[in-house]
Amino acid sequence: MSKQYGNEDFFAKLVAEACLTAYPKSGLFNVDNVRVAKILGSGVLSSTILQGMVFKRNVEGNITKMSNAKVACFSCPVDTTHTETKGTVLIKTAEELKNFSTGEENQLEEQIKSIADAGCTVVVSGGKVGDMALHFLNKYNIMVVRLTSKWDLRRLCKTIKATALPRLTAPTSEEAGHCDQVMVSEIGDTAVVIFKQEKEDSAISTVVVRGSTDNIMDDIERAVDDGVNTFRVLSKDKRYVPGAGATEIELAKRLTTYGESCPGLEQYAIKKFAEALEDIPRALAENAGVKATEILSKLYAAHQEGKQNVGFDNEGEGAAVKDVAEAGIFDMYLTKHWGIKFAATAAITVLRVDQIIMAKPAGGPKPRGPQSMDADDD
């Protein structure tokens, strides 16, 4: 895991479990199926995984827990409906004023009652929740969760297999979602709403990242993201190549040998291509504070002896090398393949450019700026 030296085994297992939980039967893994929720406090080893989704917010009403919940999702506010245009209502008596407000309340209560009659026990709103609507939702023992992000609402609908409705109406059995547990919990001193699925093949899983500072949690989030993308690549192609610069040095050695057998000017381009592959082990050595030339000479010497899996030893003292295959250090084949392919394509594209046309802004000469006036001018 990137930048998580010492904790790589813990987070590798955590990410693998999260990815396998959200892995679909079709085999087409989507990186968006694994979410990250960062909650300040505790240590990094307290990070956990939950099947479902976690939101850093509290519920709107009084109901804080619901089991075996039928969920209605709305992308609109849960409140009284308003007309698109302004209108004027002329009220002449106090009785008309009372009937007007009562009619509005009755209409909203009918809408909430129809949702409750449909069997829904949890309402998720993508907009605001009005005070009057919240009163009736509490009256019918319906849990209310407000999500400000439309992206989170879409992900939640995917998790619980619901459809986000644009109007405040009772959902059908196909439009309503199901969640095993919806509850408010506290992780540290942060209140969170958890949509938890007990089944093993949940559509979305959440990695709850803990840490003492925001910088540490941001770093862990990037590491988890790298791990999830690695899992996605492995779901397409399971092949590995030796890491720590071993693959690049072996390619450079073979390309150099091939270039020497080519006549004419082609051999110079081939040798330069092989020299460019040395940048990976060179960068690894420089980042570790080791002389790059010494590492390259030792790697070439080992590969000339037929030791194809020898790469840079980051944990050794000084310019050390080791068999990275025995140490379990590998890179993904697809990453190397497309990296070299794209780099070569970019270089060829630059070499093909034989003329650069500079575009100038259209129009005539620029207007002159304000000039200083003499004291005698009117």
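### Examining the layout of surface pockets
If you add up the space inside the second largest pocket, you get close to 410 Å³. Looking at the second largest pocket, it is lined by 21 residues, and the ones nearest its centre are Arg35, Val36, Ala37, Asp152 and Arg155. Mapped by element, the contributors of at least two residues to the lining of the second largest pocket are β1 (34–40), β2 (48–55), α4 (150–160) and α5 (214–236). Here the lining of the second largest pocket gets 5 residues from one element, more than from any other, and that element is β1.

### A word on the sheet that holds strand β6 (residues 177–187)
As summarised here, the arrangement of the 8 strands in space is β1-β8-β2-β7-β6-β3-β4-β5, forming an open sheet in which the pairing is mixed. Of all the strands in the sheet, the pair left with one neighbour each is β1 and β5 (143–146). Between one strand and the next, the sheet's axes are offset by a mean angle of 45 degrees, whatever the strand orientation. Pairing between β1 and strand β8 (residues 205–211): 7 bridges, direction parallel. Bridge pairing in β8 places valine 36 opposite valine 207. Lying on the sheet, helix α1 (residues 8–21) is in contact with β1, β2 and β8; it crosses β2 at an angle near 60 degrees.

### Some points on unusual backbone geometry
The backbone of lysine 161 shows a phi angle near 60 degrees, a positive value even though the residue is not glycine. By secondary structure assignment, the location of lysine 161 is in the loop between α4 and β6. A positive phi angle, near 60 degrees, is found at alanine 244, a position not held by glycine. Looking at where alanine 244 falls in the secondary structure, it is placed in the loop between β9 (240–242) and α6 (246–260). A relative accessible area of 14% places alanine 244 in the buried class.

Rules used in this analysis
- Throughout this description, residue numbers start from 1 for each chain and increase along the sequence as written.
- Predicted model: local features are reported for residues with pLDDT of at least 70 only, side-chain atom pairs are reported and counted for 80 or more only, and whole-chain, interface and lining totals are derived from all residues.
- In computing side-chain values, all of the structure's heavy atoms are included and hydrogens and water are not.
- Cavity: a set of points on a 1 Å grid over the protein atoms alone where a 1.4 Å probe fits but cannot get out. Pocket: an open set with protein on both sides within 12 Å along at least five of seven lines, its lining residues, like those of a cavity, having an atom within 4 Å of a point.
- Grid points are joined across faces, edges and corners, and a volume is the space filled by probe spheres set on the points.
- Secondary structure elements are taken from DSSP: a helix is a run of H or I of four residues or more, a strand is a run of E of two residues or more, and numbering for both begins at the N terminus.
- Strands are labelled as partners when DSSP assigns at least two bridges between them.
- For helices, the fitted axis covers only the stretch in contact; all axes are lines through C-alpha atoms, and the angles between them, taken along N-to-C directions, range from 0 to 180 degrees.
- Contacts were defined at the residue level, with two residues in contact if any of their heavy atoms lie within 4.5 Å.
- Three exposure classes are used, based on accessible area relative to the maximum for each residue type with a 1.4 Å probe and protein chains only: buried under 20%, partly exposed in between, and exposed over 50%.

Taken by themselves, the reported measurements are silent on function.
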